[in-house]
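Architecture and fold: a report
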Amino acid sequence: MTGSRVVALGHYQPAKVLTNDDLAAMVDTSDEWITSRVGIKTRHVGGPDEPVDELAAHAGAKALAAAGLQPSDIDLVLVATSTAIDRSPSMAARVAARLGMGSPAVMDINVVCSGFTHALAVADHTIRAGAATRALVIGADKMADIADWTDRTTCVLLGDGAGAAVVTADPSAPDGPGIGPVLWGSVPEMGNAVRIEGTPPRFAQEGQSVYRWATTQLPPIARKVCEKAGIAPEDLAAVVLHQANLRIIEPVARKIGAVNAIIARDVVDSGNTSAASIPMALSKLVERGEVASGAPVLLFGFGGNLSYAGQVIRCP
């Protein structure tokens, strides 16, 4: 079977920035309280005229430009999101229309915070099976739309944005698969620990339960992702975890054993952007030239549904 590879990335965030001091004027909080507990300093928030598919389309267009491809070259569009208010048309269909694509297959994938790594695996599997040759995989969420701005324990976490990857068939890979095997799963009995429910929908979570699960159960799983890819953790060039909370990212990365890797910390500037967080953080690392092309990078998403998915990819 033909393998696949990420050949280009792109990201987009709304222009409006919400600082910790701005939040302190809205709820009972402070910059010190937020920074010490979650490590976040700022987050971007979109206005009512910036729907999820617009954020996604901007990121997708940048990824296509970086890949040197036209929208008509894409035959599969996957959008990972949990903040699509309308059921149909899907975000993927709306993105395809915004970008003027031909007739791609279009699907949304809702696995909340691990949505992008799930979608990337689906794109890889689809290309390997011969059902697609070039895919646009996007993680996009507008968390400000579902935030409870009266709850200081959750509203301080959330931000808006989108990240995109162009994935193509890769028949010859001398340095190994461009996208390694996925390891994914969930803890269904604990799925209620992260919720987006109600009318209008609102985000809520059991913060301590999520923290304990992430910091104790996920590091061994992330090491197994590396094992499946044939990569020792110390040989990773970068680790891009879901940007949930700096107090989760740093201990999980340390326990993985990626002692020589750059650890993505985009959460400090962007907050928790759910499915957008991994592709956005990786796109920024690549844009800044912090990871060499072809270097092994661990992507590992986790969160809503207490689901997880990870793979090692070769940096575009």
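Report on the accompanying structure. No experiment lies behind these values; they were computed from the predicted model shown.

**Some remarks on the overall build of the chain**
Across its full length, the chain carries nine helices and 14 strands. A compact globule built from 316 residues should have a C-alpha radius of gyration of about 20 Å, and the chain, at 18 Å, falls within 12% of that. The principal-axis extents of the C-alpha atoms in the chain amount to approximately 55 × 45 × 40 Å. Per-residue burial over the chain gives 58% buried out of 316 residues. A sequence separation of at least 24 residues applies to 77% of the contacts in the chain between residues at least 6 apart. Carbon and sulfur atoms provide 50% of the accessible area of the chain, an area that totals close to 12,300 Å². Within the chain, one finds 26 positive and 32 negative side-chain charges whose respective centroids are separated by 4 Å.

**Notes on the pattern of salt bridges**
Two side chains with opposite charge may pair up if their charged atoms get near one another. Applying the stated criterion across every chain yields a total of ten salt bridges. Salt-bridge contacts for Asp170 lead to Arg5; the nearest nitrogen and oxygen are separated by 2.9 Å. Separated by 165 residues along the polypeptide, Asp170 in strand S7 (residues 160-170) and Arg5 in strand S1 (residues 3-12) bring together distant segments of the chain. When sorted by exposure, Asp170 lands in the same class as Arg5, which is buried. We note a salt bridge from Asp86 to Arg94, for which the minimum N-O separation is 3.2 Å. Looking at Asp86, the relative accessible area reads 43%, which means it is partly exposed.

**Remarks on the environment of Val312**
By the element assignment, Val312 lies in strand S14 (residues 307-314). Classification of Val312 as buried rests on a relative accessible area of 6%. It is 33 Å that separates the C-alpha atoms of Val312 and Ser88, two residues lying 224 residues apart in sequence. Contact partners of Val312, with chain neighbours within four places excluded, come to Gly178, Ile179, Gly180, Val225, Cys226, Ala229, Ile231, Leu236, Pro296, Val297 and Leu298.

**Description of the side chain of His44**
The residue His44 is located in strand S3 (residues 42-44) in this model. Reaching out from His44, the side chain makes a polar contact with the backbone oxygen of Pro14 at a distance of 2.6 Å. In this structure His44 touches Gln13, Pro14, Ala15, Lys16, Val17, Gly159, Asp160, Asp269 and Ser270, once residues within four positions along its chain are discounted.

The rules we used
Residues numbered from 1 in each chain as written. Predicted model: local features only at pLDDT ≥ 70, side-chain atom pairs only at ≥ 80, totals over all residues. Heavy atoms only, no water. Helix = DSSP H or I, 4+ residues; strand = E, 2+ residues; numbered from the N terminus. Rg over C-alpha atoms; globule rule 2.2 N^0.38 Å. Buried < 20%, exposed > 50% of the residue type's maximum accessible area, 1.4 Å probe, protein only. Contact = heavy atoms within 4.5 Å. Areas by Shrake-Rupley, 256 points an atom, 1.4 Å probe, with all protein chains shown as cover. Lys, Arg positive; Asp, Glu negative; His and termini not counted. Charge placed at Lys NZ, Arg CZ, Asp CG, Glu CD. Salt bridge = Lys/Arg side-chain N within 4 Å of Asp/Glu carboxyl O. Polar contact = N/O pair within 3.5 Å; in protein donor to acceptor, adjacent residues only side chain to side chain.

Keep in mind these numbers describe shape, not what the thing actually does.
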